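One letter stands for each residue in the lines below.
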Amino acid sequence: MSPAPLHSVSVAAAVIDDQGRALAIRRRDNGHWEPPGGVLELGETIHDGLRREVEEETGLLVEPDALTGVYKNMARGIVALVFRCHLAGGAEQTSSETDRVVWLTADQIRDRMSEAYAVRLLDALPTEEPRPAIRSHDGEHVAQ
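Bear in mind that the values here come from a model prediction, so they are computed numbers and not experimental data. One numbering rule holds for all chains: residues counted from 1, following each sequence as written. Reporting of local features is limited, given that this is a predicted model, to residues whose pLDDT is at least 70; pairs of side-chain atoms are given and counted only at 80 or more, and all residues count toward the totals for whole chains, interfaces and linings. Side-chain numbers come from the whole structure's heavy atoms, not from hydrogens or water.

Asker: Would you mind showing me how to read the environment of Gly139 here?
Answerer: Comment: elements are numbered from the N terminus, with helices defined as DSSP H or I runs of at least four residues and strands as E runs of at least two. One can find Gly139 in the segment after β8 (133–137). Burial status follows relative accessibility: with a 1.4 Å probe on protein chains alone, a residue under 20% of its type maximum counts as buried, one over 50% as exposed, and anything between as partly exposed. For Gly139, a relative accessible area of 17% translates into the label buried. Placed 107 residues apart in sequence, Gly139 and His32 show a C-alpha to C-alpha distance of 12 Å. Not counting chain neighbours up to four residues away, the residues in contact with Gly139 comprise Asn73, Ser114, Ala116 and Tyr117. The contact definition used throughout considers only heavy atoms, calling two residues in contact when any of these lie within 4.5 Å.

Asker: Explanation requested: the sheet that holds strand β2 (residues 22–27) in the structure shown.
Answerer: Sheet strands pair via backbone hydrogen bonds, and the direction of the pair is either parallel or antiparallel. The strand order across the open sheet built from three strands is β3-β2-β7, with neighbouring strands paired in antiparallel fashion. The open sheet has two free edges, formed respectively by β3 (33–34) and β7 (98–104), since each of these has just one partner strand. Here, any two strands with at least 2 DSSP bridges between them count as paired. Where β2 lies against β7, six bridges are found, and the strand directions are antiparallel. Residue pairing for β7: Ala24 is matched across the bridge by Val102.

Asker: What is the right way to read the side chain of Ser95 from this model?
Answerer: Tracing the chain through its elements places Ser95 in the loop between β6 (78–90) and β7. Each residue touching Ser95, except ones within four places of it in the same chain, is listed here: Arg28, Glu56 and Glu57.

Asker: Hey, could you run me through helix α3 (residues 115–122) in this one?
Answerer: Residues that lie three or four places apart on an α-helix share one face, since the helix turns once every 3.6 residues. Considered for burial, the residues of α3 that qualify are Ala116, Ala118, Val119, Arg120 and Leu121. Among the structural elements, β1 (8–15), β2, β5 (60–73), β6, α2 (106–112) and β8 are those in contact with the buried residues of α3.

Asker: Would you mind showing me how to read the sheet that holds β5 here?
Answerer: Here five strands make up an open sheet; going across it, the order is β4-β1-β6-β5-β8 and the pairing mixed. Looking along the sheet, the strands with just one partner apiece sit at the ends: β4 (37–39) and β8. Sheet twist, expressed as the mean angle between neighbouring strand axes with direction ignored, is 30°. Of the pairings in the sheet, the one linking β1 to β4 comprises three bridges and is antiparallel in character. Counterpart to Ala12 in the pairing with β4 is Gly37. Comment: axis = line fitted to C-alpha atoms, over the contacting stretch for helices; angle = value between 0 and 180 degrees taken between N-to-C directions. Helix-sheet contacts for helix α1 (residues 46–58) involve β1, β4, β5 and β6, and the interaxial angle to β5 is about 110°. Each of β1, β5, β6 and β8 touches α3; the most contacted strand, β8, lies at about 175° to it.

This is the structure we're talking about:
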(Lines give C-alpha, C1' and ligand atoms only; values in the text may rest on other atoms or scores of the structure.)
Protein backbone atom coordinates (compact mmCIF):
# COMPACT_ATOMS: atom_id res chain seq x y z
CA MET A 1 0.00 0.00 0.00
CA SER A 2 1.34 3.44 -0.88
CA PRO A 3 1.50 6.12 1.82
CA ALA A 4 -1.38 8.58 2.08
CA PRO A 5 -0.80 11.86 0.25
CA LEU A 6 0.26 14.77 2.42
CA HIS A 7 -1.49 18.11 2.51
CA SER A 8 -0.40 21.42 3.97
CA VAL A 9 -2.87 23.77 5.68
CA SER A 10 -2.50 27.51 5.42
CA VAL A 11 -4.53 30.42 6.73
CA ALA A 12 -5.08 33.92 5.39
CA ALA A 13 -6.81 37.05 6.64
CA ALA A 14 -9.27 39.14 4.68
CA VAL A 15 -9.20 42.37 6.65
CA ILE A 16 -11.66 44.84 5.13
CA ASP A 17 -11.60 48.52 6.12
CA ASP A 18 -14.49 51.03 6.29
CA GLN A 19 -13.93 52.00 2.63
CA GLY A 20 -14.27 48.38 1.47
CA ARG A 21 -10.53 47.98 0.82
CA ALA A 22 -8.69 44.78 1.74
CA LEU A 23 -5.33 44.44 3.45
CA ALA A 24 -2.66 42.95 1.16
CA ILE A 25 1.05 42.25 1.26
CA ARG A 26 3.71 41.99 -1.41
CA ARG A 27 6.09 39.09 -0.78
CA ARG A 28 9.83 39.86 -0.75
CA ASP A 29 10.81 36.49 -2.22
CA ASN A 30 8.76 36.62 -5.42
CA GLY A 31 7.06 40.05 -5.63
CA HIS A 32 3.57 38.52 -5.60
CA TRP A 33 0.63 40.30 -3.98
CA GLU A 34 -1.40 38.17 -1.55
CA PRO A 35 -3.60 38.41 1.52
CA PRO A 36 -1.47 38.12 4.67
CA GLY A 37 -1.14 34.57 5.98
CA GLY A 38 0.87 31.40 5.82
CA VAL A 39 1.26 27.76 6.82
CA LEU A 40 -0.04 26.60 10.19
CA GLU A 41 2.51 25.19 12.59
CA LEU A 42 1.77 21.69 13.84
CA GLY A 43 1.03 22.62 17.47
CA GLU A 44 -1.03 25.78 16.97
CA THR A 45 -4.74 26.34 16.58
CA ILE A 46 -6.16 27.72 13.36
CA HIS A 47 -6.99 31.12 14.88
CA ASP A 48 -3.64 31.38 16.69
CA GLY A 49 -1.80 30.63 13.45
CA LEU A 50 -3.86 33.23 11.63
CA ARG A 51 -3.09 35.89 14.23
CA ARG A 52 0.63 34.99 14.24
CA GLU A 53 1.00 35.08 10.46
CA VAL A 54 -0.77 38.44 10.08
CA GLU A 55 1.26 40.05 12.86
CA GLU A 56 4.54 38.65 11.47
CA GLU A 57 3.83 39.93 7.95
CA THR A 58 2.07 43.25 8.64
CA GLY A 59 2.62 44.31 12.26
CA LEU A 60 -1.17 44.35 12.71
CA LEU A 61 -3.20 42.46 15.27
CA VAL A 62 -6.42 40.88 14.00
CA GLU A 63 -9.31 38.85 15.33
CA PRO A 64 -11.13 36.40 13.05
CA ASP A 65 -14.87 36.95 12.52
CA ALA A 66 -15.96 34.38 9.93
CA LEU A 67 -14.63 31.72 7.60
CA THR A 68 -15.19 33.10 4.09
CA GLY A 69 -13.50 30.50 1.92
CA VAL A 70 -11.70 27.17 1.59
CA TYR A 71 -9.28 26.86 -1.34
CA LYS A 72 -7.20 23.92 -2.54
CA ASN A 73 -4.14 24.26 -4.70
CA MET A 74 -4.48 21.01 -6.64
CA ALA A 75 -0.90 21.14 -7.94
CA ARG A 76 0.75 21.52 -4.53
CA GLY A 77 -1.73 19.91 -2.11
CA ILE A 78 -2.21 23.08 -0.05
CA VAL A 79 -5.56 23.78 1.59
CA ALA A 80 -6.07 27.43 2.53
CA LEU A 81 -8.64 28.67 5.02
CA VAL A 82 -9.52 32.34 4.64
CA PHE A 83 -11.18 34.33 7.42
CA ARG A 84 -12.71 37.79 7.39
CA CYS A 85 -11.02 39.56 10.30
CA HIS A 86 -11.21 42.88 12.07
CA LEU A 87 -8.30 44.98 13.28
CA ALA A 88 -7.51 44.73 16.99
CA GLY A 89 -4.33 46.84 17.17
CA GLY A 90 -0.75 47.06 16.03
CA ALA A 91 0.86 49.32 13.44
CA GLU A 92 1.48 48.62 9.76
CA GLN A 93 5.04 47.57 9.01
CA THR A 94 6.90 45.37 6.56
CA SER A 95 8.90 42.33 7.59
CA SER A 96 11.57 39.94 6.38
CA GLU A 97 8.77 38.28 4.34
CA THR A 98 7.01 41.41 3.03
CA ASP A 99 8.18 44.60 1.32
CA ARG A 100 4.75 46.29 1.08
CA VAL A 101 1.63 46.39 3.25
CA VAL A 102 -1.27 48.19 1.56
CA TRP A 103 -5.05 48.50 1.40
CA LEU A 104 -6.46 47.64 -2.04
CA THR A 105 -9.81 48.21 -3.72
CA ALA A 106 -11.52 45.31 -5.49
CA ASP A 107 -10.24 46.60 -8.86
CA GLN A 108 -6.68 46.88 -7.52
CA ILE A 109 -6.93 43.33 -6.15
CA ARG A 110 -7.93 42.05 -9.60
CA ASP A 111 -5.09 44.02 -11.26
CA ARG A 112 -2.28 43.06 -8.87
CA MET A 113 -3.03 39.50 -7.73
CA SER A 114 -3.20 36.25 -9.60
CA GLU A 115 -6.75 34.93 -9.82
CA ALA A 116 -6.05 32.20 -7.24
CA TYR A 117 -5.19 34.82 -4.60
CA ALA A 118 -7.54 37.62 -5.69
CA VAL A 119 -10.58 35.37 -5.30
CA ARG A 120 -9.71 34.84 -1.62
CA LEU A 121 -10.18 38.53 -0.88
CA LEU A 122 -13.03 39.09 -3.33
CA ASP A 123 -14.95 36.16 -1.80
CA ALA A 124 -14.61 37.83 1.63
CA LEU A 125 -16.29 41.07 0.55
CA PRO A 126 -19.93 41.44 1.65
CA THR A 127 -22.24 39.57 -0.74
CA GLU A 128 -25.54 37.78 -0.98
CA GLU A 129 -23.80 34.54 -2.02
CA PRO A 130 -23.56 31.79 0.60
CA ARG A 131 -20.30 31.51 2.51
CA PRO A 132 -17.85 29.98 2.83
CA ALA A 133 -16.84 29.72 -0.80
CA ILE A 134 -15.16 26.41 -1.68
CA ARG A 135 -12.85 26.49 -4.70
CA SER A 136 -9.94 24.65 -6.32
CA HIS A 137 -7.11 26.16 -8.36
CA ASP A 138 -3.80 25.29 -9.99
CA GLY A 139 -1.76 27.96 -8.21
CA GLU A 140 -2.75 30.69 -10.67
CA HIS A 141 -6.26 30.10 -12.04
CA VAL A 142 -9.46 29.05 -10.30
CA ALA A 143 -11.07 25.89 -11.67
CA GLN A 144 -14.54 26.62 -13.03
